[in-house]
There are 4 protein chains.
Amino acid sequence: MIVVLKSGTPIDEITRVSEELRETWGVTVEKSVGEHKVVLGLIGDTATLDKMQIQNSSPWIEQVLRVEKPFKRVSREFHHGEASEVVVSTPNGPISFGEHHPIVLTAGPCSVEGEEMIVETAKRVKAAGAHFLRGGAYKPRSSPYAFQGYGESALDLLAAAREATGLGIITELMDAADLPVLARTADIIQIGARNMQNFSLLKKVGAQDKPVLLKRGMSATIDEWLMAAEYLLAAGNPNVILCERGIRTFDAKYARNTLDLSVIPVLRTLTHLPIMIDPSHGTGKSEYVPPMALAAIAAGTDALMIEVHPNPAKALSDGPQSLTPEKFDRLVQEMSVLGKVVGRWSEERTLVASV
Amino acid sequence: MIVVLKSGTPIDEITRVSEELRETWGVTVEKSVGEHKVVLGLIGDTATLDKMQIQNSSPWIEQVLRVEKPFKRVSREFHHGEASEVVVSTPNGPISFGEHHPIVLTAGPCSVEGEEMIVETAKRVKAAGAHFLRGGAYKPRSSPYAFQGYGESALDLLAAAREATGLGIITELMDAADLPVLARTADIIQIGARNMQNFSLLKKVGAQDKPVLLKRGMSATIDEWLMAAEYLLAAGNPNVILCERGIRTFDAKYARNTLDLSVIPVLRTLTHLPIMIDPSHGTGKSEYVPPMALAAIAAGTDALMIEVHPNPAKALSDGPQSLTPEKFDRLVQEMSVLGKVVGRWSEERTLVASV
Amino acid sequence: MIVVLKSGTPIDEITRVSEELRETWGVTVEKSVGEHKVVLGLIGDTATLDKMQIQNSSPWIEQVLRVEKPFKRVSREFHHGEASEVVVSTPNGPISFGEHHPIVLTAGPCSVEGEEMIVETAKRVKAAGAHFLRGGAYKPRSSPYAFQGYGESALDLLAAAREATGLGIITELMDAADLPVLARTADIIQIGARNMQNFSLLKKVGAQDKPVLLKRGMSATIDEWLMAAEYLLAAGNPNVILCERGIRTFDAKYARNTLDLSVIPVLRTLTHLPIMIDPSHGTGKSEYVPPMALAAIAAGTDALMIEVHPNPAKALSDGPQSLTPEKFDRLVQEMSVLGKVVGRWSEERTLVASV
Amino acid sequence: MIVVLKSGTPIDEITRVSEELRETWGVTVEKSVGEHKVVLGLIGDTATLDKMQIQNSSPWIEQVLRVEKPFKRVSREFHHGEASEVVVSTPNGPISFGEHHPIVLTAGPCSVEGEEMIVETAKRVKAAGAHFLRGGAYKPRSSPYAFQGYGESALDLLAAAREATGLGIITELMDAADLPVLARTADIIQIGARNMQNFSLLKKVGAQDKPVLLKRGMSATIDEWLMAAEYLLAAGNPNVILCERGIRTFDAKYARNTLDLSVIPVLRTLTHLPIMIDPSHGTGKSEYVPPMALAAIAAGTDALMIEVHPNPAKALSDGPQSLTPEKFDRLVQEMSVLGKVVGRWSEERTLVASV
């Protein structure tokens, strides 16, 4: 249930209404302040709530809406119909993800493989225009015998790359036990596709402060994905970015997954959360990455995550889908042209890069 | 098997080599003339052919390649690695589909519902910049009780719209028995998703001259789709355009299908045939169409098919996915900006439209 | 809409009510006579029909039901909640398919490859206990270069096998033009998975008398499959058997398709039509066929279709999924044990076989 | 790589060969003792191993095989081609899961909802013939607002039910932090479909002693599932049972998931691990459960898991797919008939039940 207040509602009245709702109906009340409107989201057993009775509890109430969708806090209505922004601090300054901000670029290797490798890659992708460095310390691998990531020591190398370039760090958390050490280095904590419905992990990550990148599960419906995000918001963390990385369909011969770009317009109408697209995992082949990255921009994505490796042929994981730094340079050039056309590109990134 | 001839090979030698291959090995030989190279495609039981022996049969043979893929004539190698173009005559002049041509726009209603309706729609989409009018005379419907299209009389109305606007006509063939009458009006014959593996129909449509638009089956793999196209080429018709219209996945709640834009880079490497994207069927909802149409352009499509209906709420079929003419106007505006950025937009269309 | 008449309703009253419904409401009325009840199915624009007014039109009307499902004639309600039976004449006598009949066995090769081959196979599968011989004359193949079946001459060979064994013949129709010649030999006409939504073909096959085996499309939903059957019944042919042959999912590495046995209980509640299971196409590997055939019997199938080839390794198509006659013998033994336990096995088949 | 030793190889030679392999090639060597053969499995970087050199290292070596599959310890070859058995102690005595043992029955509610409820259900399913009680203490729910299970207190109630009936307990672990407390009550630890690729959890559960039931992920391929099991075995726990619970396909309208029974013959050839089928989650509707349970027995399953709830209409979760105790009684009757026919039913269960 959502209670929309008239513009100009005095703060005291907002507080009074919130408390009355809480006491009368036994629900949790969440306030969301938009540019022009204040909205109160009611969470709990709202099936029995009486719309008219609530409507009549204050002359400042403009409208009472029942949310039919299973997700509440992530729904667009709960955020007064507007997009939210997720602001992430990085050594280079705060970076904002959201519909009304320039496209944010994340790039880097699948796995952190060594200090020189990660620091050099960081420098290259920063010079090209990236804002965040991605790199896996803990790697979810189908086989227990495959390289599992260098773990904690890889986090130190990411910290070194962060210091050397000022880029924010995005890295995946697989085990809640690693959260404290990972959170020291990561500016954004990634939850991978395989853990999208690892609800225990979601609750723990939702209960801490670092922004979270929530990848879509391989065969997660839009509703399931948003409900997974709802776990994070329900646990207290509003800073969630949704990342599409390709779904599993009947044909994996050429593209490893099917990158579902229609999530961009679909999510826009359902949720206020920012959207990132990962064409590298989404296609599994480096030559398919540039056209799909450009398509994501044309479709309105808020951010992109692209795998870049100094020597893809020798990568310890996901080599075939990684761009070389040179190819990434060229792709950023192409993206910038398109990004400017759609009004979502900031020149500042190159300024920062040239410092 | 493909025999690449050196540039400058004399015509007589090409003929001699072709005949020798035919006689010695019992294969069919198809000649494909590119800008710089001539390529001979060998079709038949090529497993037993001896590469070295063929190589030595003429000093003009540059290279002998074995094609591992199941498709031959549609494969890029068979067309000396270059894109082919499909040129379609329309009253407004010939329109070329292909990688090195401006993006071709097709628009119109799902079904032809009346003369005024189809002629007016044709005028509107032409004015906006479309080159082809789509409109169903025979409609494949899940239910035998649903509107099945007005059939032959709808073809007459399409002919009237063609005459009124000069637009080319694309309409679907469901039954080979309708081919003669349909071919009188259609400039491009559409084979729908449900008939993609109706091999009897493919053979008959492949044996006539009109260009063919081959929609991808709902759960057709890329290989199956290309093999269906191979049926058309094998039957003698080289003028085939491939149209992605969304595949069936596990989630149809918001977008009815999953538009698989990665086919664009995937097909580019596999085939020389032109590519069309249909974001209307691909998403099933008009509000998702513009972002996906723009994404298709950014990803490099050669053509687009977009449903436009003067009054979507009253459409006899597929109303929810149809744009109004006004929304189509706006979308073409946006597409033209992007199309120019990627160098695939011709201003000529507006000139033609304003005549 | 369904009108259930009280038991004992006089024939004249049934006729009167039917005519009144037809005249008053402009609907088609179909009578279905069950053991105890007569049911009138109303087809047409039934949305505007007034339930009460119909109820009051005769004291013999027990109940008026609105059918919410998109399929009418195939729905269980339309057949007064009971299973229908499809009786097929064969030289060996009539064979009944249906929930209250013994399991019907169909066996034979994917393609007819020669007279001796098909006649010998027919004798072997008859001796083992089969009632029908399957064998393809027209083969839908992904590649235009693959063996397409021997066509009309294969039909002659099937006729010879029929004469030699008395088995009924099931063979696939791909092109309506072949219907007259195919119907001379076939006792049941098969519509293959790829043509399940070839609505033109369905209309033509529905308009003739031979029973039809309708295979489920590779990614057809239950509703789409039943609607395809509805096309056949709506065109006048009530003798339709539904055949599950495996659906396309995300994993085809071991089993080529995913045999969806849950269709058995699902279809039972939705439709009155008999159900056949094809574990050969359903799994694509001969070693998986016996356990899935047995599972189908346990789940309640009415019929089975199993590929048997005298020499699977040399089969022109689908060798890997074909049983040898010896393995088929053993499987029928196992099936008979299970079939007796579930009360769906007739000893008569062995009597017939030993003649 | 697998080293098969001749029958009669002396123990000392086995030890010598194992050590030599370890030292020379740097691999881990696992010994598996079958009825007639001893097999040494080599794990590690085996790509560079020289088959001939290994063959020549002892006259007792019968054969050296390269395993092409990505899974090693779970592969049938690694277990000298034979099925393994998983023996689980319960208060009623040890219960063996495996191809050569009677079918094991697990039954109980989705969630533990109260002491009386769970103890009564346990008594009912034991009386019917079940060996294990299933019941969720920690529930993975799509929504953070849905009932999440009673957690630790539910474990106490399961312990009470165990004491009252002697049934073994199967319950799901979602969070490694709960492992110590859960392992006190559970006789088998269940890893749910959503955590099948939660590799951190798998490593921890693999490192403890309780047998593990590993459910297949909703869209997990057979290979991914076996690799997840490989994580458990690689961590030291050989007592793993694989449980199919339905996969996600394109049609969820009637059956919620598609129960993939072909995994039974597929897994038999690939792995030695026992197989369980869960037709309750596999179909999502109680009326579909009995036919699919019977089908699973006919296809050769080693165990079944069936949801039983005293009052499905009031269940806190998954009511629609739960059988009443009465329906479960009837189903066990039917299963026993089939189970005897296939030689996989022990009368002992009723004896135990009647004590």
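So, how was this worked out
Residues numbered from 1 in each chain as written. Chains lettered and ligands numbered in written order. Predicted model: local features only at pLDDT ≥ 70, side-chain atom pairs only at ≥ 80, totals over all residues. Heavy atoms only, no water. Least-squares fit on C-alpha atoms with pLDDT ≥ 70 in both. Contact = heavy atoms within 4.5 Å. Phe/Tyr/Trp six-rings, centres within 6.5 Å; stacked < 30°, edge-to-face > 60°. Helix = DSSP H or I, 4+ residues; strand = E, 2+ residues; numbered from the N terminus. Buried < 20%, exposed > 50% of the residue type's maximum accessible area, 1.4 Å probe, protein only. Patch = residues over 30% accessible without salt bridge, like charges linked within 9 Å, V, L, I, M, F, W, Y side chains within 5 Å. Areas by Shrake-Rupley, 256 points an atom, 1.4 Å probe, with all protein chains shown as cover. Salt bridge = Lys/Arg side-chain N within 4 Å of Asp/Glu carboxyl O. Polar contact = N/O pair within 3.5 Å; in protein donor to acceptor, adjacent residues only side chain to side chain. Expected span 1.5 Å × (residues − 1). Arc of directions from axis to C-beta. Buried area = accessible area lost by both parts, 1.4 Å probe. Nonpolar A, V, L, I, M, F, W, Y, C, P; charged D, E, K, R; others polar. Pairing = 2+ DSSP bridges. Axes fitted to C-alpha atoms, helices over the stretch in contact; angles between N-to-C directions.

J.: Could you clarify how one ought to interpret the relation of the copies chain C and chain B in this entry?
T.: Two chain copies, one operation linking them: a rotation about an axis together with a shift along it. For the match of chain C to chain B, the screw axis carries a shift of 0.1 Å, the RMSD comes to 0.1 Å, and the turn is 180 degrees. Such a turn and shift between the copies fits a two-fold axis. Within chain C, serine 219 of chain C has its C-alpha nearest the rotation axis, a separation of 3.2 Å. A symmetric contact is evident, with 100% of the interface residues of chain C recurring at the interface of chain B.

J.: I tried to follow the packing of aromatic side chains on my own but got confused; where do I start?
T.: Aromatic ring pairs are described here by two measures, namely the spacing of the ring centres and the angle between the planes. All names here are of chain C. One pass over the full model with this rule turns up 12 aromatic pairs over all chains. Ring centres of phenylalanine 97 and phenylalanine 132 lie 5.5 Å apart, and the angle between their planes is 40 degrees; this geometry places the pair in the tilted category. Of the two residues, phenylalanine 97 sits in strand E6 (residues 95-97) while phenylalanine 132 sits in strand E8 (residues 132-134), which places them 35 residues apart along the sequence. Summarising the burial analysis for this pair, phenylalanine 97 and phenylalanine 132 share the class buried.

J.: Where do I start with a nonpolar patch on the surface in this structure?
T.: Nonpolar side chains collect at one region of the surface, where Val337, Val341 and Val342 of chain A together with Val337, Val341 and Val342 of chain B lie side by side and expose about 370 Å² of accessible area between them. Those elements that place two or more of their residues in the nonpolar patch are helix H11 (325-341) of chain A together with helix H11 (325-341) of chain B. Structurally, valine 337 of chain B can be placed in helix H11. Look at valine 337 of chain B and you get partly exposed, because its relative accessible area is 41%.

J.: Help me understand the interface of chain C and chain B, please; the structure alone is not making it clear to me.
T.: The figure often quoted for interface size is the accessible area lost as the parts come together. Tallying the contact residues gives 31 residues for chain C and 31 residues for chain B. Run the count over chain C and chain B and you get four salt bridges. The salt bridge involving glutamate 224 of chain C is made with arginine 248 of chain B; its shortest N-O contact spans 2.6 Å. Viewed at the interface, chain B and chain C are joined by 23 residue pairs in polar contact (both at pLDDT 80 or more). Looking at the side of chain C that touches chain B, the elements that each hand over two or more residues are helix H6 (199-206) and helix H7 (222-234) of chain C.

J.: Got a minute to help me understand helix H1 (residues 11-25) of chain B in this structure?
T.: Side chains that are three or four residues apart share a direction in an α-helix, a result of its 3.6 residues per turn. All names here are of chain B. In a regular helix each residue adds 1.5 Å, so 15 residues correspond to 21 Å; H1 covers 21 Å between its end C-alpha atoms and thus fits that length. All buried positions along H1 are accounted for by Glu13, Ile14, Val17, Ser18 and Leu21. One side of H1 carries all its buried residues, which in axial view fall inside an arc of 135 degrees. In H1, those exposed residues whose orientation departs by more than 90 degrees from the buried face are Ile11, Asp12 and Glu23. On its buried face, H1 sits against strand E1 (2-5), strand E2 (28-33), strand E3 (38-43), helix H2 (51-55) and strand E4 (61-65). Downstream of H1 by one or two residues, glycine 26 has phi in the positive range, about 65 degrees.

J.: Just to check I follow, could you spell out the interface of chain A and chain B for this structure?
T.: Tallying the contact residues gives 36 residues for chain A and 36 residues for chain B. Summed over both sides, the interface of chain A with chain B buries roughly 2800 Å², with 75% coming from carbon and sulfur. Across the chain A-chain B interface, the total number found is two salt bridges. The partner of aspartate 223 of chain B in a salt bridge is lysine 253 of chain A, and the shortest N-O contact between them spans 2.6 Å. Applying the counting criterion to the chain A and chain B interface returns six residue pairs in polar contact (both at pLDDT 80 or more). Those elements that place two or more of their residues in the side of chain A that touches chain B are helix H7 (222-234), helix H8 (263-270), helix H10 (289-299) and H11 of chain A. Take the side of chain A that touches chain B: its biggest share by element is six residues, from H10 of chain A. When its residues are assigned to classes, the side of chain A that touches chain B shows 23 nonpolar, six polar and seven charged.

J.: Would you explain the pairing of strand E11 (residues 212-215) of chain B in this entry?
T.: A regular strand carries its side chains on alternate faces of the sheet. Residues and elements named next belong to chain B. Burial along E11 is two-sided: Val212 and Leu214 and Leu213 and Lys215, pointing in opposite directions, are all buried. One ladder, built from three bridges, connects strand E10 (residues 188-191) with E11; its direction is parallel. Within E11, the position partnered with isoleucine 191 by the bridge is leucine 214.

J.: Explain the environment of glycine 217 of chain D to me, please; I cannot follow it from the model alone.
T.: Residues and elements named next belong to chain D. Along the chain, the position of glycine 217 falls in the loop between strand E11 (212-215) and helix H7 (222-234). Taking relative accessible area as the criterion, glycine 217 reaches 5% and is therefore assigned buried. In this structure, the C-alpha to C-alpha distance between glycine 217 and isoleucine 191, residues 26 residues apart in sequence, is 9.8 Å. Once you skip the residues sitting within four places of it in the chain, glycine 217 turns out to touch Ala193 and Met196.

J.: Please explain the sheet that holds strand E3 (residues 38-43) of chain C as it appears in this structure.
T.: Residue and element names in this part refer to chain C. Ordered in space as E2-E3-E1-E4, the four strands form an open sheet in which the pairing is antiparallel. Of all strands in the sheet, those with a lone pairing partner are strand E2 (28-33) and strand E4 (61-65), marking the two edges. Geometrically, the sheet is characterised by an average inter-axis angle of 20 degrees between neighbouring strands, direction not taken into account. Across four bridges, the pairing between strand E1 (residues 2-5) and E3 is antiparallel. Each bridged residue has a counterpart across the sheet, and for valine 3 the counterpart in E3 is leucine 40.

J.: Would you mind going over unusual backbone geometry with me for this structure?
T.: It is generally the case that most residues other than glycine have a negative phi and that most peptide bonds are trans. Positive phi, normally seen in glycine, also occurs at aspartate 318 of chain A, with a value near 55 degrees. Its place among the elements puts aspartate 318 of chain A in the loop between strand E14 (303-307) and H11.

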